[in-house]
Amino acid sequence: MSEITVASRYAKSLIDLAEEKNNLEAIKQDMTFFVETLKANTQLQAVLRNPIISHDKKLKVLQGIFSGKVDVATDAFFKIMVDKSRAELLYPTAGEFINQYNLKKNIVTATVTSATALSEANRLQIINEVKALAGGEVILKEKVDPALIGGFVLKVGDRQIDTSVATSLKNLKKDFTQKVI
């Protein structure tokens, strides 16, 4: 069974537990905090994935970092996962938890890549357009890629809108080469 499939099942169980205990928002904040912490610290990811490191040491590391900063249920979840030799699944499970939470709350993540940083007006316009299409809340991730020359590339789920000058020039070049021959 793939890691994502297993992580998805654990995430679903954690969401169900959080809803049952009426602390879904707190657990979501904990999972976001956990993911951001592990993204910033690849050594911590390596510790959790390393089968040579004992369960006790992994648990002490997690408690040292997160104890008192996360909900009791999140702390218990970490302990259960480590005790069951599933520490390597904590990071993907937290990511899946956030994905499932977003689906449940109708929150869409959109990524916009532009040649320069977006102005506040452009940012709001993109958010409003995506909100109108998706019908839910929008989390906008922004990237800057000067190679686009101008315009932007917007990705929402499996859809992509590419209005970049670089792509337009590439398509124009392709059209010319096909028509000349």
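Residues numbered from 1 in each chain as written. Predicted model: local features only at pLDDT ≥ 70, side-chain atom pairs only at ≥ 80, totals over all residues. Heavy atoms only, no water.

J.: Can you lay out the pattern of salt bridges for me, pointing to particular residues and giving the numbers?
T.: All chains considered together, the criterion is met by seven salt bridges. In this structure, Asp 16 and Lys 12 form a salt bridge, with 2.9 Å as the shortest nitrogen-oxygen distance. Linking Asp 16 with Lys 12, this pair stays in helix α1 (residues 3-20), spanning four residues, or about one helical turn. The partner of Arg 123 in a salt bridge is Glu 120, and the shortest N-O contact between them spans 2.5 Å. Taken together, the residues span about one helical turn, with Arg 123 and Glu 120 both in helix α7 (residues 120-134) at a distance of three residues. Each of Glu 120, Arg 123 and Glu 142 takes part in salt bridges that share partners, so that together they form one network. (Salt bridge = Lys/Arg side-chain N within 4 Å of Asp/Glu carboxyl O. Helix = DSSP H or I, 4+ residues; strand = E, 2+ residues; numbered from the N terminus.)

J.: Pulling in residues and values, what's your account of empty space enclosed by the protein?
T.: Counted according to the given criterion, the structure contains one cavity of 30 Å³ or more. Of the voids in this model, the largest cavity is the one considered here, and its volume is about 30 Å³. Taken together, Leu 38, Gln 45, Leu 48, Arg 49, Ala 87, Glu 88 and Tyr 91 make up the full set of residues lining the largest cavity. Tallying contributions element by element places helix α3 (residues 42-49) first for the lining of the largest cavity, with three residues. Among the residues making up the lining of the largest cavity, the classes are represented as four nonpolar, one polar and two charged. (1 Å grid on protein atoms, 1.4 Å probe; cavity = no way out; pocket = protein on both sides within 12 Å on 5 of 7 lines; lining within 4 Å. Points joined across faces, edges and corners; volume = space filled by probe spheres on them. Nonpolar A, V, L, I, M, F, W, Y, C, P; charged D, E, K, R; others polar.)

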